[in-house]
Amino acid sequence: KGNLPLHSLHSILESVKTEIMKKILFVCLGNICRSSTAEGVMLHLIKEAGLEKEFVIDSAGILSYHQGELPDSRMRAHAARRGYQLVHRSRRIEDFYHFDLIIGMDDRNIDDLKDKAPSPEEWKKIHRMTEYCTRIPADHVPDPYYGGAEGFEYVLDVLEDACAGLLTSLTPDS
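Described in the following lines is the structure provided in the data block. In this text the structure is predicted, and so the values were computed from the model without any measurement. (Residues numbered from 1 in each chain as written. Predicted model: local features only at pLDDT ≥ 70, side-chain atom pairs only at ≥ 80, totals over all residues. Heavy atoms only, no water.)

1. Points about the overall build of the chain
The helix and strand tally for the chain stands at five helices and four strands. Overall, the chain shows an N-to-C arrangement of helices and strands of α-β-α-β-α-β-α-β-α. Sequence-distant contacts, at least 24 apart, represent 74% of the contacts inside the chain between residues at least 6 apart. For the chain, the accessible surface area stands at approximately 9400 Å², while carbon and sulfur atoms represent 54% of it. (Helix = DSSP H or I, 4+ residues; strand = E, 2+ residues; numbered from the N terminus. Contact = heavy atoms within 4.5 Å. Areas by Shrake-Rupley, 256 points an atom, 1.4 Å probe, with all protein chains shown as cover.)

2. What about the pattern of salt bridges?
Under the counting rule described, the total for this entry stands at 14 salt bridges. Ionic pairing is found between aspartate 106 and arginine 34, a salt bridge with its closest N-O pair at 2.9 Å. Within this pair, whereas aspartate 106 is found in the loop between strand S3 (101-104) and helix H4 (107-116), its partner arginine 34 is found in helix H2 (residues 34-48), the two being separated by 72 residues in sequence. In this pair, the class of aspartate 106 matches that of arginine 34, namely buried. Notably, a salt bridge pairs glutamate 160 with arginine 82, separated by 2.8 Å at the nearest N-O pair. Linking glutamate 160 in helix H5 (residues 149-170) with arginine 82 in the loop between helix H3 (73-81) and S3, this pair joins segments that are 78 residues apart in sequence. Overall, glutamate 160 belongs to the partly exposed group, its relative accessible area being 21%. Residue arginine 82 is classed as partly exposed on the basis of its relative accessible area, which comes to 26%. If you follow the salt bridges from partner to partner, you end up with Arg82, Glu153, Asp157 and Glu160 in one network. (Salt bridge = Lys/Arg side-chain N within 4 Å of Asp/Glu carboxyl O. Buried < 20%, exposed > 50% of the residue type's maximum accessible area, 1.4 Å probe, protein only.)

Right, here's the structure in full:
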């Protein structure tokens, strides 16, 4: 009497474990270039560090006009050459409360995120991706969508730097 069934106990433990994990959402305009790549780079770094059980990583877009699409094929090709698999399906941000950090790629994303935040209290979660850069002096992650190959490569350079800096800032033993 009073004992929880094993499946209920397992469910409660999973819920507690998820609460302890650091939850990060990367956001750009359409969620097919920058934020989906940041997600892929961060997942790769976390896996390399053996920290998969400590993080929940996701990405989303301000707008939904690419809803359900894979990342841009050019971005996927450039990322694959560096060992990243971008498999996220584009979606619009709707879940502020689920994340500890919400990271935008540029000023427009930051302004849009503040507008979409359910309360000014949630603004504390919003950060700019380039805040975490340690090698590349950048004030934003440019949208490579309308540019050439060098734009996609530069975005990868900035995101690799920023994701490494972000991971270092979130892991106390680094």
